[in-house]
Amino acid sequence: MTKEKIEKLISQLTLQEKVGMIHGDGFFTTKGVERLGIPPFKTSDGPRGVRKDFENDTWKEIGLNCDDVSYLPCNAALAATWNRALAYSTGKLLGKEARGRGKDMILAPGINIMRTPLCGRNFEYMGEDPYLVSEMVVPIVQGIEENDVSACVKHFAVNNQETRRLDVNVEVSERALREIYLPGFEAAVRRGKVKGIMGAYNKLRGRHCCHHEYLLNEILRKEWGFAGIMVSDWGGVHDTREALMNGIDMEMSVTNDFDAYFMADPLIGMIENGAVDRKTALAKIDEKVRHILNVMNRLHMLDGERSAGGYNDYNDKAALRQTARESVVLLKNDKELLPLDKRKMKRLLVVGENANRKHAPGGGSAEIKALYEITPLMGIQMLLGGNTEVVYKPGYFNEDIGNIWANTGDSENGQVDSLNQSGGMTQATPELEIKETHQMEMNEKYLQEALEAAQDADAVIFVGGLTHDYDTEGQDRTDMKLPYDQDRLIAELLKVRPDTVVTLVAGSPVDMSAWIEDVNALVFSWYAGMEGGIALAEVLFGEFNPSGHLPETFPVSEKDCPAVVLGEFPGEDNVNYGEDIYVGYRYYDTYDVETAFPFGYGLSYTDFVMTGIRAEVIEDTAESKEVKVRFDLSNIGDRAGAAVAQIYVADKRPKVRKAAKELKAFEKIYLEAGETREVTLMLEREAFTYYDEASHSFKVDAGSYMLLLAKNAEEIADITEIEFAV
Ligand code: BGC
């Protein structure tokens, strides 16, 4: 449909009809205009797959067995693959199924920066580094949108905690905003050409993000040229006038008084009683409708030539398994205990409640009705087959208290409750709700049973970690401790069986200091989707060589995290991001703080050597830079595997305060045993810029820069230097 036709449509619409298009007329849909062939706009969560369907105006799920979908690895897992192609394939499947279920917009991906390890929604996000986030968000958006469905990158912006998420006010310097918190969104808009952006619940500098003049009008629309749909978070609009004037196109919420939404009757009322200038208001409404129609047009919603999407098929399953495999991070393998030898396994003990737990139904709006979910226990059994006796002991007691998201208050749905409590509880600990003595007795019993069974097993695999009682929307963790007394269990297991393989399933880092010195084999896997359990088993038994790398620093404890050190998490009314640009490794690295595992860290069953970094300045003007970086990468072990080569840039004599170094390029490279390859990566101007508050622009200073070829943020393999004249 041409621009003229869209304008003609707009001119034919009544004010009532236009207003119907810019606010929810159901929890996940707006009104269409049948007489003009404009369909309603249907959205759905979310980032781990297409969420189950609800009735239009109650939070009751429809409950038919026809909305089971692919359960995708959570975004933290996806980021841990450091593989852009997998971000693309995961997005493609998400888009296909969203379209297959008749949706127009999938409310994903989430890309807020992991400012602390404690944010309950970190599992939905892509790490602590803006470059990594940007590189992963672009292909996932492109994948989603291939099926004529809009992605919706969320939550714009600085939504980095759940505590008081509806009203907390974030104060952050312009530089940190531009360098740390916005680049992922900018990449999604400029490079990914994303059609949808969701606002954040919280405030920035005293104003709600969902109708924030500076964020939406100035940055998103003017600077980045975003012409797609800017949708509020559900219940994130608080003011009709601001919503009218400031960049937002669609107001969605969690209550069913749809006509009373800020962008519904109150808006019409304001126009009618002259509280706003009529001409300005109508022009603003037209602009919102124009954005919506443009997106509808690009999705072929107006011309009938639209992709029908589809469901999970055999190839999708293979891609999902590959993503799950590549997300598994090998953290320790001191005595080369791993991989385990399947042929030697007559009797295997698996300990830990997470071995047997399905995670798909939890987490908040990222909950999924999975087609299936292979648990680690099942994956191990699938891989070993019938000749091995697999004994399972829970080891610790996790009474199933149900989905806390569904049990937080009086209404029928936690989505509503969580907002009623001003959005986000201050860190309830589900464990405390369980009768403590019962918990202790059961834990003791399970512990003894596990220790006894460990005596005569050929190997012991522990599968613990977190659940969505901890990694969840609407709540942050208070600390990084493993729940359910797992520290004691792991320590005791390691005493009787020092060869215990410890694996953790979680969406966020945990404090391992109680036993980290004693464990020889340690594996971190995430909520890695429906194929997660078999992928983990393949890594443990060497059928897949691990290649996952941490997308965030694992600090020793939350007390080391800069936001916590400053007393600025979770804060009260105001949270001042006093750590500024020193988020994640930028802080640990610059201030020399010891970490448990650094950003970018991950081992393999083979060894890689990275050497011979050399760089050539191809272009050096004030507006444009181009640097060609080359190095040699060898697999010197006896197994094929994939390395993640990371290039960090360090300014030798910075004119302003800068982090010791910043990630500016990476590549995951698969090498056969014994293979060597020359790798070439290009760095452009963005790799050398910082945000200059005085000139409101990204600047590069002339001078020397070091380029560090690294295995992770703390392990530098080789260094070279370049010089910019201007
Ligand atoms: C969440 C969003 C989600 C929306 C719709 C909100 O509570 O913050 O991420 O997409 O609900 O379910």
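What you see is a predicted model; the values in this text were computed from it and never measured.

### Details of the overall build of the protein chain
Piece 1. Each helix and strand counted, the protein chain has 19 helices and 27 strands in total.
Piece 2. The C-alpha radius of gyration computed for the protein chain amounts to 26 Å, which stays within 12% of the reference 27 Å derived for 726 residues, consistent with globular compactness.
Piece 3. Overall size of the protein chain, expressed as C-alpha extent along the three principal axes, is 80 × 65 × 50 Å.
Piece 4. Relative to its full complement of 726 residues, the protein chain shows a buried share of 63%.
Piece 5. Taking the intrachain contacts of the protein chain between residues at least 6 apart in sequence as the baseline, contacts between residues at least 24 apart amount to 77%.
Piece 6. Carbon and sulfur atoms make up 48% of the accessible area of the protein chain, which amounts to about 25,700 Å² in all.

### Points about the packing of aromatic side chains
Piece 1. Evaluation of the coordinates by the stated rule reveals 30 aromatic pairs.
Piece 2. Residues Phe-688 and Phe-724 carry aromatic rings whose centres are separated by 4.8 Å and whose planes lie at 90° to one another, so their mutual orientation is edge-to-face. Residue Phe-688 is found in the loop between strand 23 (676-684) and strand 24 (690-692), and its partner Phe-724 is found in strand 27 (residues 715-724); the two are separated by 36 residues along the sequence. Across this residue pair, the class does not change: Phe-688 and Phe-724 are buried.
Piece 3. Here a set of aromatic residues connected by ring pairs shows up, and it is made of Phe-27, Phe-28, Phe-54, Trp-59, Trp-234, Phe-258 and Tyr-261.
Piece 4. The positively charged end of Arg-84 is found above the aromatic ring belonging to Phe-666, 4.0 Å away from the centroid.
Piece 5. Above the ring of Tyr-577, the side-chain terminus of Arg-115 is found at 3.8 Å from the ring centroid.

### Some details on the site of the ligand
Piece 1. Residues in close proximity to the ligand total 15 residues, the closest being Asp-45, Arg-121, His-155, Asp-233 and Gln-415.
Piece 2. Residue Asp-45 places a side-chain N or O atom 2.4 Å away from an oxygen atom belonging to the ligand.
Piece 3. One nitrogen or oxygen atom from the side chain of Arg-121 is found 2.7 Å from an oxygen atom belonging to the ligand.
Piece 4. Three or more residues apiece are contributed to the shell around the ligand by two domains, here domain 1 (43-252) and domain 2 (316-550).

### Concerning helix 4 (residues 84-100)
Piece 1. The end-to-end C-alpha distance of helix 4, which contains 17 residues, comes to 24 Å, matching closely the 24 Å that a straight helix rising 1.5 Å per residue would cover.
Piece 2. On its buried face, helix 4 sits against helix 3 (75-81), strand 2 (105-106), helix 5 (130-145) and helix 12 (314-327).
Piece 3. For helix 4, the N-terminal capping position is held by Asn-83, with its side-chain oxygen 3.0 Å away from the main-chain nitrogen of Ala-85.
Piece 4. Trailing helix 4 by a residue or two, Gly-102 shows a phi angle of about 80°, which is positive.

### Remarks on the domain arrangement of the protein chain
Piece 1. Split by domain assignment, the protein chain resolves into domain 1 (43-252), domain 2 (316-550) and domain 3 (608-724).
Piece 2. Taking only C-alpha atoms into account, the centre of domain 1 sits 29 Å from that of domain 3.
Piece 3. In this complex, domain 1 contributes 13 residues to the contact, which on the side of domain 3 involves 16 residues.
Piece 4. Both faces considered, domain 1 and domain 3 share a buried interface measuring about 1,300 Å² in area, 59% of it formed by carbon and sulfur atoms.
Piece 5. Of all residues in domain 1, Trp-82, Tyr-131 and Arg-175 bury the most surface against domain 3, accounting for 49% of the area lost on that side.
Piece 6. Remark: the boundary between domain 1 and domain 3 carries one salt bridge.
Piece 7. Applying the counting criterion to the domain 1 and domain 3 interface returns seven residue pairs in polar contact (both at pLDDT 80 or more).
Piece 8. Contributing elements (two or more residues each) for the side of domain 1 that touches domain 3: helix 5 and helix 6 (174-181).

### Details of the pattern of salt bridges
Piece 1. All chains considered together, the criterion is met by 64 salt bridges.
Piece 2. Of the charged contacts, one joins Glu-145 and Lys-195 as a salt bridge, the two residues approaching to 3.0 Å between their closest N and O atoms. Note that Glu-145 is positioned in helix 5 and Lys-195 in the loop between helix 7 (183-190) and strand 6 (196-199), a separation of 50 residues in sequence.
Piece 3. Relative accessible area serves as the criterion here: at 8%, Lys-195 is assigned to the buried category.
Piece 4. The partner of Asp-651 in a salt bridge is Lys-658, with the nearest N and O atoms 2.6 Å apart.
Piece 5. Classification of Asp-651 as buried rests on a relative accessible area of 16%.
Piece 6. Classification of Lys-658 by relative accessible area gives buried; the value is 15%.
Piece 7. A single network of salt bridges, built from pairs that share partners, joins Asp-45, Arg-51, Lys-52, Glu-61, Lys-154 and Glu-367.

### Structural notes on helix 1 (residues 3-12)
Piece 1. When helix 1 is considered as a whole, its buried residues turn out to be Ile-6, Leu-9 and Ile-10. Summarising the axial view, the buried residues of helix 1 lie within an arc of 100°, below the 170-degree limit, and thus occupy one face. Helix 1 presents Glu-4, Lys-5, Lys-8 and Ser-11 as exposed residues on the side facing more than 90 degrees away from its buried surface.
Piece 2. The inward-facing, buried residues of helix 1 abut helix 2 (15-21) and helix 11 (278-298).

### Regarding unusual backbone geometry
Piece 1. Cis geometry is adopted by the peptide bond preceding His-155, which originates at Lys-154 and carries an omega value of 0°.
Piece 2. With an omega of -5°, the peptide bond running from Phe-569 to Pro-570 counts as cis.
Piece 3. Along the chain, Pro-570 turns up in the loop between helix 18 (562-565) and strand 17 (574-576).
Piece 4. The phi torsion at His-300 lies on the positive side, around 60°, for a residue other than glycine.
Piece 5. If you trace the backbone, His-300 turns up in the loop between helix 11 and helix 12.
Piece 6. The partly exposed category is assigned to His-300, whose relative accessible area is 27%.

### Concerning the sheet that holds strand 4 (residues 153-156)
Piece 1. With respect to topology, three strands assemble into an open sheet ordered 4-6-9, the strand pairing being parallel. Two strands lie at the open edges of the sheet, namely strand 4 and strand 9 (229-231), each paired on one side alone. Along the sheet, successive strands turn relative to each other by an average axial angle of 25°, direction set aside.
Piece 2. Here strand 4 runs beside strand 6; their pairing, made up of two bridges, is parallel.

How each quantity is defined
- Residues numbered from 1 in each chain as written.
- Predicted model: local features only at pLDDT ≥ 70, side-chain atom pairs only at ≥ 80, totals over all residues.
- Heavy atoms only, no water.
- Helix = DSSP H or I, 4+ residues; strand = E, 2+ residues; numbered from the N terminus.
- Rg over C-alpha atoms; globule rule 2.2 N^0.38 Å.
- Buried < 20%, exposed > 50% of the residue type's maximum accessible area, 1.4 Å probe, protein only.
- Contact = heavy atoms within 4.5 Å.
- Areas by Shrake-Rupley, 256 points an atom, 1.4 Å probe, with all protein chains shown as cover.
- Phe/Tyr/Trp six-rings, centres within 6.5 Å; stacked < 30°, edge-to-face > 60°.
- Lys NZ or Arg CZ within 6 Å of the ring centre and 35° of its normal.
- Near = heavy atom within 4 Å.
- Polar contact = N/O pair within 3.5 Å; in protein donor to acceptor, adjacent residues only side chain to side chain.
- Domains from an automatic or database assignment.
- Expected span 1.5 Å × (residues − 1).
- Buried area = accessible area lost by both parts, 1.4 Å probe.
- Salt bridge = Lys/Arg side-chain N within 4 Å of Asp/Glu carboxyl O.
- Arc of directions from axis to C-beta.
- Pairing = 2+ DSSP bridges.
- Axes fitted to C-alpha atoms, helices over the stretch in contact; angles between N-to-C directions.

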